Amino acid sequence: MDSSLPHLLLVILIGLVHCSLDNRHHNSTRHHDYCVLGAGPAGLQMGHFLSKTKRDYIILERNSGPGSFFNIYPRHRRLISINKIYTGRRNREFNLRHDWNSLLSDRPDLLFQRVSQELYPEADAYPLYLSMFVKELGLRVSYGVDVGKVRAAQSATGRSYILTDQRGFDYTCRVLLVSTGLWDPQKVQFVGSDLVEGYESISTDPEDYKDQAILILGKGNSAFETAQSILGRASRIHIYSPSTVRLAWQTHYVGDLRAVNNELLDTYQLKSLDGLVEGGLEDIALKKRGQLYLTLTELLNNNEGKNSSRVTAANLPAYHSDNFSLRRPYDRVIRCLGFRFNFSIFDGSARPPNSEGARGRLPGVSAWYEGRGTPGLFVLGTAAHSRDYRSSAGGFIHGFRYTVRAVHRVLEHRYHRNPWPSTKLLTTQLQSWILKRVNEASGPYQMFGVLGDVILLQGSHCEYLEEFPVQALPHFSSLSGHDVSRHGLLVLLMQYGLNHTDSLGPDRSESEWKQAWKSNFLHPVLYYYDKLPTEKDMRRRPPGWQLPRPKAIHHMIEDFLTEWDRPISHIQPLRRFLEHCVQTDLRAFYAESCFLLSLTHRKPPLFCRQSYLKKRGVVGSSQLWQHAHGAGLMPAEQDSDASEANPSFPDYLTRAGAAMTSGLKPDF
């Protein structure tokens, strides 16, 4: 036997092992254009848009079903998102203004009301709705995939992201869409913080708190939700945090304390043993002597705590006197400080920075929700709330369903050269289209001050783009695929006033249209620019303004019914503003008026040139039709209902009321 044979066999065996390992490694890597991390509402919303455009994507979820956050939170199982299913309207777009739970789809029946009709639904209903959303739309979701590491890789074809799960399998993708939400409890370290119970693990049985004194750290909805659940059992409840309580109906921010959770304010103000106290969390200390006693760190004996130069009597009111508010001991101290983004799974190459706002709890993102310093990584949903923290609804389902759609439109242009969807209109149709949008559009209504409609003026025509993130206006052309002409642009926003008056006081609203700029409640605002604002302009915008100072601005007076369709208060001032911007008469005329103006004027109004003179005359009723027919202005065979029968008259203008004049008598 040849002595070299065993060596040859050994070499072959080693080669086979290496080949097997290489194949195994190759087979354990999955490639997709888009990876969506997390099957919560934001991830599934993006999945719908990717599926609709037939993109190569996968949604990765570590749990066994979608929306697992709602299996645990809120702990006391009552959502505070409004589910108003009866609005008196059949307009689906309008109804989404008051449906805070449904996701966007092309299915008119795929709404949250199919699983719950309660105004404030049970939390268990939401995973059921999301499961229904996945099944009926056929979304591609892989469950049980717990991604523990995310890293970026650079190659000749560009940057990609590699996600490694608990089994060592890799997923590579050109674009990573992070929709993991916020689930890591926010904690504060102080002496005795180990004695504190967390919102995420406390008992939800009120009987466990019978006749106990409770101190709750935090003044958000989770703190008040916890207090409300035990209000009838605890002997006293004190709620403690650095800031005073913020009421949503005062601030117009849905993340502040909602009325559905604020019963403790009654027992506090009516002096029934419960109360609110302000003070710094880092400067307190807890000592256990049977019960829990609260004190200041600097006053601890035996140098147990850290010294703090920031500690003053103002941190804990009246501490140095014998009537200190929190001098009585507590049986339990509960932490309800909210949640933070989990940065731990991202290595240095893929980690977005901490946000400048929101106390650094969220990832820092651009105005189009791309991680700063992480190209190709976008943050969706609650985790992207740093862009509008405490100022709009981007941290909540009824807000981020629209920002997710905006991100998808950015992706479509960047990676597939599909420009931002737009509607081309005659300039004379612009007023009617704006009225349609302000009276029914849900995106700008929910994401007030953040998503706005951009109108590109082009002389006798214009191009209408819906729900663009207005903070990204300096990058408008590169993000949307549309250019701004020399005629400039309009931006339509919904926004609250800056006066911060008493929301329930006698002067809380403005009704005189000439004082529309003083409106306090949600109302439409139009900005006119002759060119795109720059990044410098955005940085220099006045405090509280969503956009830089424009060439012209128009506030539509707030309306109690949120119906901006009154001829004198809303339509006439809007038309005059638009005429100022486009330097054109935008009045609408019936056919017989256009006929007379065409005979008596060398240059009839634009509406007549674009409609009547092109055989598109507008007749508003059967009576007027008969009048026009009798005057020989319309063909005899036309149906009596002109606006619906004339195929050249768009249906959306009929709905928007374009067949009606502004209510003003034309000047002949």
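What you are looking at is a predicted structure, and each value in this text was computed from that prediction instead of being measured. (Residues numbered from 1 in each chain as written. Predicted model: local features only at pLDDT ≥ 70, side-chain atom pairs only at ≥ 80, totals over all residues. Heavy atoms only, no water.)

Before going further, it helps to examine the overall build of the protein chain. Scanning the protein chain for helices and strands turns up 18 helices and 22 strands. Considering the protein chain as a whole, with its 668 residues, one finds that 53% of them fall into the buried category. Taking all contacts inside the protein chain whose residues are at least 6 apart in sequence as the whole, residues at least 24 apart take part in 65%. Carbon and sulfur atoms provide 50% of the accessible area of the protein chain, an area that totals close to 31,700 Å². (Helix = DSSP H or I, 4+ residues; strand = E, 2+ residues; numbered from the N terminus. Buried < 20%, exposed > 50% of the residue type's maximum accessible area, 1.4 Å probe, protein only. Contact = heavy atoms within 4.5 Å. Areas by Shrake-Rupley, 256 points an atom, 1.4 Å probe, with all protein chains shown as cover.)

What follows is about the pattern of salt bridges. For the coordinates displayed, the defined rule picks out 28 salt bridges. Residues Glu 200 and Arg 335 are paired through a salt bridge, measuring 3.1 Å at the closest nitrogen-oxygen approach. Here Arg 335 lies in strand S14 (residues 332–335) and Glu 200 lies in the loop between strand S8 (197–198) and strand S9 (213–217), a separation of 135 residues in the sequence. The shortest N-O distance in the salt bridge between Arg 566 and Asp 565 comes to 3.0 Å. Since its relative accessible area comes to 47%, Arg 566 is described here as partly exposed. (Salt bridge = Lys/Arg side-chain N within 4 Å of Asp/Glu carboxyl O.)

With that settled, the discussion passes to the packing of aromatic side chains. The full count for this structure, using the stated rule, is 19 aromatic pairs. Plain terms: the ring middles of Trp 433 and Tyr 464 are 6.1 Å apart, the flat faces sit at 70° to each other, and that makes the pair edge-to-face. Of this pair, Trp 433 sits in helix H9 (residues 430–440) while Tyr 464 sits in strand S19 (residues 461–469); the two residues are 31 residues apart in sequence, bridging distant segments of the chain. Note on accessibility: Trp 433 and Tyr 464 belong to one class, buried. Counting every residue linked through ring pairs, the aromatic cluster contains Phe 69, Phe 70, Tyr 73, Phe 112, Tyr 126, Tyr 129, Phe 133, Tyr 199 and Phe 339. (Phe/Tyr/Trp six-rings, centres within 6.5 Å; stacked < 30°, edge-to-face > 60°.)

This next bit is on the state of the cysteines. Under the defined criterion, the tally for this structure stands at one disulfide. Here Cys 594 is linked by a disulfide to Cys 608, with a sulfur-sulfur distance of 2.1 Å. The S-S bond linking Cys 594 to Cys 608 shows a torsion near -80°; that makes this disulfide left-handed. Here Cys 594 is found in helix H14 (residues 591–600), whereas its partner Cys 608 is found in helix H15 (residues 606–610), with 14 residues between them in sequence. (Disulfide = S-S within 2.5 Å.)

Further remarks concern the sheet that holds strand S10 (residues 236–241). In spatial order, the strands read S8-S14-S9-S10-S11; together these five strands make up an open sheet with parallel pairing. The open sheet has two free edges, formed respectively by S8 and strand S11 (275–278), since each of these has just one partner strand. (Pairing = 2+ DSSP bridges.)

The next point concerns unusual backbone geometry. Here the amide bond leading from Tyr 73 into Pro 74 is cis, since omega sits at -10°, within 30 degrees of zero. Non-glycine residue His 252 carries a positive phi angle of around 65°. Structurally, the position occupied by His 252 is in the loop between helix H6 (248–251) and helix H7 (263–269). For His 252, a relative accessible area of 22% translates into the label partly exposed. Positive phi, normally seen in glycine, also occurs at Tyr 369, with a value near 70°. Here Tyr 369 shows up in the loop between strand S15 (339–340) and strand S16 (377–379).

Below, the discussion takes up H9. Since the α-helix advances by 3.6 residues per turn, residues separated by three or four positions end up pointing in the same direction. In terms of burial, H9 is a largely internal element, 11 of the 11 residues being buried. Within H9, burial applies to Leu 430, Gln 431, Ser 432, Trp 433, Ile 434, Leu 435, Lys 436, Arg 437, Val 438, Asn 439 and Glu 440.

This part takes up the packing of helix H2 (residues 41–52) against helix H4 (residues 125–137). Working note: a packed helix pair is described by the angle between its axes plus the distance between those axes. Two elements in contact, H2 and H4, have axes separated by 11 Å at closest approach and are oriented at 15°. What the angle tells us is that H2 and H4 run roughly parallel. Considering how the two elements wind past one another, H2 and H4 form a crossing that is left-handed. Residues Pro 41, Leu 44, His 48 and Ser 51 of H2 touch H4, and the partners they reach there are Tyr 126, Leu 130, Phe 133, Val 134 and Leu 137. Broken down by class, the residue content of the contact of H2 with H4 amounts to seven nonpolar, two polar and no charged. (Axes fitted to C-alpha atoms, helices over the stretch in contact; angles between N-to-C directions. Parallel < 35°, antiparallel > 145°, perpendicular 65-115°, else oblique. Left-handed = near helix turned anticlockwise from the far one by under 90°. Nonpolar A, V, L, I, M, F, W, Y, C, P; charged D, E, K, R; others polar.)

Strand S18 (residues 451–458) sits mainly inside the fold: seven of its eight residues count as buried. Pairing of S18 with S19, which is carried by seven bridges, proceeds in the antiparallel orientation. Among the inter-strand pairings, Ile 455 is bridged to a residue of S19, identified as Tyr 464. Between S18 and S19, which pair antiparallel one after the other, the connecting turn spans two residues, and Gly 459 there sits at a positive phi close to 80°. Relative to strand S20 (residues 489–495), S18 is paired through four bridges, and the arrangement is antiparallel.

Time to look at the side chain of Arg 332. Counting through the fold element by element, Arg 332 comes out in strand S14. Residues within four places of Arg 332 in sequence aside, it is in contact with Glu 197, Asp 208, Tyr 209, Gln 212, Ala 213, Ile 214, Leu 215 and Leu 292.

What follows concerns the nonpolar core. Core analysis: the biggest nonpolar cluster contains 113 residues, and Leu 44, Val 150, Leu 163, Leu 176, Leu 177 and Ile 237 have the highest contact counts within it. Ranked by the residues each element gives to this core, the list is headed by helix H8 (residues 397–416), at eight residues. Counting 28 residues, the second-largest nonpolar core is a separate cluster that includes Leu 435, Ile 455, Cys 462 and Tyr 528. (Core = buried A, V, L, I, M, F, W, Y, C linked by side-chain atoms within 4.5 Å.)

A few words now on the sheet that holds S18. Reading across from one edge, S17-S19-S18-S20-S21-S22 is the order of the six strands in this open sheet, with antiparallel pairing throughout. Both edges of this open sheet fall to strand S17 (422–426) and strand S22 (552–555), since each of them pairs with a single strand only. Along the sheet, successive strands turn relative to each other by an average axial angle of 20°, direction set aside. Those strands touched by H8 are S18 and S19, and its axis lies near 120° from that of S19. H9 contacts S17, S18, S19, S20 and strand S21 (523–529) of the sheet and is inclined by roughly 20° relative to S19.

Those residues of helix H13 (residues 567–582) lying buried are His 570, Ile 571, Gln 572, Pro 573, Leu 574, Arg 575, Phe 577, Leu 578, Glu 579, Cys 581 and Val 582. Once H13 ends, the next one or two residues include Gln 583, with phi positive near 55°.

Taken N-terminus to C-terminus, the directions of H9 and H13 make an angle of 130°; their axes are 10 Å apart at the nearest point. As summarised for this structure, H9 and H13 are arranged oblique, according to the angle between their axes. Crossing angle aside, the handedness with which H9 passes H13 is right-handed. Contacts between H9 and H13 pair Leu 430, Gln 431, Ile 434 and Leu 435 from the former with Ile 571, Leu 574, Arg 575 and Leu 578 from the latter. Looking at the contact of H9 with H13 residue by residue, the class counts come to six nonpolar, one polar and one charged.

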